[in-house]
Amino acid sequence: MSRTTRATQALQKAGIAFTLHPYDYDPAAERIGMAAAAALGIEPRQMLKTLMAEADGKPVCVVAPSDREVSMKRLAALFGAKSAHMMKPEAAERLTGYHVGGISPFGQKRAVPTAIEEAAMTEERVFINAGQRGLLVALTPADAKDILRARTGPLIA
């Protein structure tokens, strides 16, 4: 497994401190983020999932704790949209250049507006996909917010 991805390159280029955390990716896991948290022995709230959605038809990226569900109403409201829905997996892969299960908010082919669940901002460190299945980066939520120029708000249902 390569430990250099577009995500890690983007973090290095921005001067963001992070650590890499490989784990055994299980494509059959019901909830991949929860499986990753268990594999690393971390709290599920620290393991952030990356979701691709559309708000009023425009692509957005959502970063939220793996043990919670994102409210599409709250997501739409945060972006000033009337509605939001999850992006189809094929569209997410085309847009980001990553495979589902390995989508990172960092180093996507095309940068899109990003939102981070506000509760994640209280964690000392968070774990986010590094752009490859079975590889995570750990960093401060403030650094993640800064590099992504993300909005924060209440996104979980």
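Treat the numbers as computed from the prediction; the structure is a model and nothing was measured. (Residues numbered from 1 in each chain as written. Predicted model: local features only at pLDDT ≥ 70, side-chain atom pairs only at ≥ 80, totals over all residues. Heavy atoms only, no water.)

(A) Highlighting the pattern of salt bridges. Within this structure, the stated rule accounts for 3 salt bridges. Here Arg31 and Glu69 are joined by a salt bridge, their closest N and O atoms 3.6 Å apart. Of this pair, Arg31 sits in the loop between β1 (19-22) and α2 (32-40) while Glu69 is found in the loop between β3 (58-65) and α3 (72-78), placing the two residues 38 residues apart along the sequence. The class for Arg31 is partly exposed, based on a relative accessible area of 34%. Put simply, Glu43 and Arg45 hold a salt bridge, and the shortest N to O gap is 3.6 Å. A cluster of three or more residues bridged by salt bridges with shared partners is formed by Glu43, Arg45 and Glu123. (Salt bridge = Lys/Arg side-chain N within 4 Å of Asp/Glu carboxyl O. Helix = DSSP H or I, 4+ residues; strand = E, 2+ residues; numbered from the N terminus. Buried < 20%, exposed > 50% of the residue type's maximum accessible area, 1.4 Å probe, protein only.)

(B) Representation of the layout of surface pockets within the structure. Of the pockets and cavities examined, the largest pocket occupies roughly 620 Å³. Together, 26 residues line the largest pocket, and Ile32, Lys49, Thr50, Leu51 and Gly101 are the ones closest to its centre. Residue assignment for the lining of the largest pocket shows that the elements contributing at least two residues are α2, β2 (47-55) and α4 (89-96). In terms of residue class, the lining of the largest pocket is built from 15 nonpolar, 6 polar and 5 charged. What the second largest pocket holds in volume is close to 260 Å³. In terms of lining, the second largest pocket is formed by Ala10, Cys61, Pro105, Phe106, Gly107, Gln108, Ala111, Val112, Thr114, Ile147, Leu148 and Arg149. (1 Å grid on protein atoms, 1.4 Å probe; cavity = no way out; pocket = protein on both sides within 12 Å on 5 of 7 lines; lining within 4 Å. Points joined across faces, edges and corners; volume = space filled by probe spheres on them. Nonpolar A, V, L, I, M, F, W, Y, C, P; charged D, E, K, R; others polar.)

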